[in-house]
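Given next are the chains, with one letter for each unit.
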Amino acid sequence: MGQPTVLVAEDEPKIAQLLVDYLVQSGYRAVVVADGARVLAAVTIEQPDVLLLDIMLPGRDGLEILRELRRRSTLPVIMLTARVEEIDRLLGLELGSDDYICKPFSPREVVARVRALLRRSTSAATTHPFEVDDAAQRIRVAGRPMPLTHTEYRLMHALVSHPGRVYSRDQLLDLMHDDLRDVTDRVVDSHIRNLRRKLDDLLPGQQVIHAVYGAGYRFEILEP
Ligand code: CA
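Residues numbered from 1 in each chain as written. Predicted model: local features only at pLDDT ≥ 70, side-chain atom pairs only at ≥ 80, totals over all residues. Heavy atoms only, no water.

1. Considerations on the packing of aromatic side chains
In step 1: In total, this model carries 1 aromatic pair according to the counting rule given.
In step 2: Between Phe130 and Phe219, the aromatic rings sit 5.0 Å apart at their centres with planes inclined by 90°, giving edge-to-face as the arrangement. Within this pair, whereas Phe130 is found in strand β6 (residues 130-133), its partner Phe219 is found in strand β11 (residues 216-219), the two being separated by 89 residues in sequence.
In step 3: Judged by its relative accessible area of 0%, Phe219 falls in the buried class. (Phe/Tyr/Trp six-rings, centres within 6.5 Å; stacked < 30°, edge-to-face > 60°. Helix = DSSP H or I, 4+ residues; strand = E, 2+ residues; numbered from the N terminus. Buried < 20%, exposed > 50% of the residue type's maximum accessible area, 1.4 Å probe, protein only.)

Structure below.
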């Protein structure tokens, strides 16, 4: 694979330039498209490996662009949004975006996410140490059984089955099917804490459940 190409769909020139500078410094080829109506054509012409897609674009809305793109392509997409609250709504729409980044962002963080996404899309087929036995509702990690409550199993099963997918706390709450009378976001966080503790026994020092700021959690095995 040559130099990976990142298509930056962003209409604010300063932000676009900052992203391009960081991407180029990090060894990527970066192409900017500022007009929403030109994004899909640019995807066809540039054949990018990742699309950074701002939601508020002139010409055509980022969400509409993503919806149309997904009819014909699995190109990894990172949505850029100006509002944290919007991420929850986006997750609910299940448009098939691979990641979300909220403005203002650090360009370094964006490059790290691009790198993670490329690694994920090129090594999706490689094996990971998690085995899910849905019939027995058990999960083995590196050959050893992970002790799990029923609720923890549901959460782990969802996370492990969709590496890289961001789950909002609301979505994780729905999965838990617990007594919902006094369940809050904090219950999710406390289950995640317990899962991390158990995982640390099985995979010492390796973080696989990642918090996504303003959004929720995702399961991902990062290479050392
Ligand atoms: Ca914009």
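2. What to know about the coordination of the calcium ion
In step 1: In this structure, Asp11 (OD), Asp54 (OD) and Met56 (O) serve as the protein donors to the calcium ion, at separations of 2.1 to 2.3 Å.
In step 2: Sequence spacing of the donors to the calcium ion: D-x42-D-x1-M.
In step 3: Here Asp54 falls in the buried class, since its relative accessible area comes to 3%. (Donors = N, O, S within 2.8 Å, 3.2 Å for Na, K, Ca; no water.)

3. Overview of the sheet that holds β6
In step 1: Read from one edge of the open sheet, 3 strands run β6-β7-β8, paired in antiparallel fashion. Two strands in the sheet have a free side with no partner beyond their single neighbour: β6 and β8 (144-145).
In step 2: Where β6 and strand β7 (residues 138-141) come together, 4 bridges link them in antiparallel fashion. Across the sheet, residue Val132 finds its bridge partner in β7, namely Ile139. (Pairing = 2+ DSSP bridges.)

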